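Reading the structure
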Amino acid sequence: MNIPLLDLKAQYATIKDEIDAAVADVFASQYFINGPKVAELEKAVAAYSQCAHACGVSSGSDALLIALMVEGIGAGDEVITTPYTFFATAGAIARVGATPVFVDIDPVTYNIDPEKIPAAITDRTRAIIPVHLYGQMADMTPILDLVKSVNLQRETKNKKPIHLIEDAAQAIGAEYKGHRAGSLGDYGCFSFFPSKNLGGAGDGGMVTCQDKDKAEKLQIFRSHGSRPKYFHKWIGGNFRLDALQAAVLRVKLNHLDAWTAKRQHNAARYNRLFAASGLEIAFTADVDWASYDRPQVVLPSAVQDRHIYNQYVIRVQNRDGLRAFLKDNGIGNEVYYPVSLHMQECFSYLGYGEGDLPQSEQAAQETVALPVYPELNDAMAEQVIEKVKAFLVEQKI
Ligand SMILES: *Cc1c(COP(=O)(O)O)cnc(C)c1O
């Protein structure tokens with residue numbers, strides 16, 4: 001039995017009639033750009049995410065880009081983020097001409113380590129972008145407190161504030177102390193890339209915010225900065241969400257909680273199967289593979305309230321060996337992400353070197369994602385763990 005990392009055909013089979021009808025609706029209306037379908041989705045995603053406003057955009061990457069553009073962040077500015085994320089997070093910073101400043105991760109959650117942020121703040125810092133990686137929110141309280149105290153000082157000196165932009169691309173519906181992803185920062189940036197928990201039929205994204213003025217500016221910037229039409233106070237871009245995507249996403253949003261529950265069920269089942277496997281397990285932390293009582297496998301640690309498991313990521317010493325073995329046995333897996341962003345060739349101009357962000361670098365060597373999609377059943381989960389075990393037992397000898 002082949003087990004893919006994600007099975008979107010299985011998902012489509014369960015909602016085909018609803019999706020097909022929603023798509024037919026859009027064709028009948030011939031209303032393809034913005035319009036009522038997009039407005040309806042914006043309202044629903046804002047409510048789902050505990051936000052006052054939401055603005056549909058062309059992708060998660062563009063959601064990050066437009067948030068930075070609206071705040072006029074660019075050349076000479078610095079933006080703090082994590083190096084252990086999808087490229088788009090840092091790419092957006094560089095695309096507006098600002099400088100990405102990387103802060104290492106907490107090895108338990110793989111999210112930015114709030115304790116390391118203060119040392120990275122300078123007079124040029126204009127934003128912080130925490131990423132809620134794998135579906136678990138970053139530790140937001142210390143970050144919110146920090147931003148608040150810096151901004152209070154800046155206010156007295158009449159200096160521009162630091163903005164908090166949540167990269168919630170992998171975390172729609174995730175919670176931190178009862179607060180949903182995207183509701184705590186100045187902006188929440190979501191992606192509807194097909195492999196995300198709420199995935200469209202192509203590219204799409206959303207920016208949420210609580211502030212009415214910011215919401216209005218987002219709408220203006222997504223249509224080339226024009227309002228009224230053909231009058232441009234700012235330079236925006238074409239960052240619009242297609243009505244077809246909005247229609248599909250609106251249908252899928254109704255199923256999101258059920259899918260999330262299944263992902264959580266699958267993660268808990270993996271944890272149980274690992275615990276019963278006889279393997280030495282641990283939950284993600286600093287791993288010293290050379291120590292006598294090292295674990296054979298490190299499981300994901302759900303520290304925050306509502307982990308939505310966009311990915312179920314384990315950590316092993318011989319990651320690439322395990323990957324090859326799983327592949328030979330028909331089990332889908334992927335590495336998110338194999339190269340810490342500070343080591344990417346395109347960012348060599350930033351001057352980082354090996355060893356500068358050790359937790360991120362180590363995670364990039366040792367992590368691998370296993371299938372956790374909602375349609376994964378008991379027999380499949382058992383087979384996945386059986387194969388992981390077979391490899392690790394062999395390794396131990
Ligand atoms: C997917 C993703 C993005 C980019 O979203 P796209 O819709 O693919 O442009 C940004 N950040 C993170 C953390 C992501 O996982």
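See the structure printed just above.
Residues numbered from 1 in each chain as written. Predicted model: local features only at pLDDT ≥ 70, side-chain atom pairs only at ≥ 80, totals over all residues. Heavy atoms only, no water.

**A closer look at the pairing of strand β5 (residues 163–167)**
A large share of β5 lies buried, amounting to five of its five residues. Of the two faces of β5, the one holding His-163, Ile-165 and Asp-167 and the one holding Leu-164 and Glu-166 are both buried throughout. By the bridge criterion, two bridges tie strand β4 (residues 125–129) to β5 in an arrangement that is parallel. Each bridged residue has a counterpart across the sheet, and for Ile-128 the counterpart in β5 is Leu-164. With respect to chirality, the unit in which β4 leads through helix α5 (residues 140–156) into the neighbouring parallel β5 is right-handed. Alignment of β5 against strand β8 (residues 187–191), held across three bridges, turns out to be parallel. Across the sheet, the residue bridging to Glu-166 is Gly-188, located in β8. (Buried < 20%, exposed > 50% of the residue type's maximum accessible area, 1.4 Å probe, protein only. Helix = DSSP H or I, 4+ residues; strand = E, 2+ residues; numbered from the N terminus. Pairing = 2+ DSSP bridges. Right-handed = clockwise from strand over helix to strand, strands pointing away.)

**Concerning the side chain of Glu-42**
Within the secondary structure layout, Glu-42 lies in helix α2 (residues 35–48). There is a polar contact of 2.7 Å between the side chain of Glu-42 and the backbone nitrogen of Gly-56. With residues near it in sequence (within four places) discarded, Glu-42 still touches Ala-54, Cys-55, Gly-56, Met-206, Gln-219 and Arg-222. (Polar contact = N/O pair within 3.5 Å; in protein donor to acceptor, adjacent residues only side chain to side chain. Contact = heavy atoms within 4.5 Å.)

**Section: the nonpolar core**
Leu-41, Ile-80, Ile-117, Ile-128, Ile-172 and Phe-192 are the most contacted members of the largest nonpolar core, which has 49 residues in total. Put simply, the parts of the chain that give this core at least two residues each are α1 (8–29), α2, α5, α7 (243–253) and α8 (256–276). In terms of residue count, α7 provides more of this core than any other element does, seven residues in total. If you count residues domain by domain, this core takes at least three from each of domain 1 (8–253) and domain 2 (256–395). In this view, Leu-41 contacts Phe-192, Met-206, Leu-241, Ala-246, Leu-249 and Arg-250; residues no more than four positions away in its chain are not counted. Among the nonpolar cores identified, the runner-up in size contains 27 residues, and Ala-63, Leu-64, Val-207 and Phe-239 belong to it. (Core = buried A, V, L, I, M, F, W, Y, C linked by side-chain atoms within 4.5 Å. Domains from an automatic or database assignment.)

**So, the packing of aromatic side chains**
Summed over all chains, the structure comprises 13 aromatic pairs. Ring centres of Phe-102 and Tyr-352 lie 5.5 Å apart, and the angle between their planes is 55 degrees; this geometry places the pair in the tilted category. With Phe-102 in strand β3 (residues 99–102) and Tyr-352 in the loop between α9 (319–328) and α10 (358–366), the pair connects residues that are 250 residues apart, well separated along the chain. The class of Phe-102 is buried, set by a relative accessible area of 5%. Ring geometry for Tyr-110 and Tyr-134: centres 5.6 Å apart, planes at 70 degrees, overall edge-to-face. With a gap of 24 residues between them, Tyr-110 in the loop between β3 and β4 and Tyr-134 in the loop between β4 and α5 connect regions that are remote in the sequence. For Tyr-134, a relative accessible area of 4% puts it in the buried group. Among the aromatic residues, those joined into a ring-pair cluster are Phe-87, Phe-102, Phe-347, Tyr-349 and Tyr-352. (Phe/Tyr/Trp six-rings, centres within 6.5 Å; stacked < 30°, edge-to-face > 60°.)

So yeah, pure geometry; function would need other evidence.
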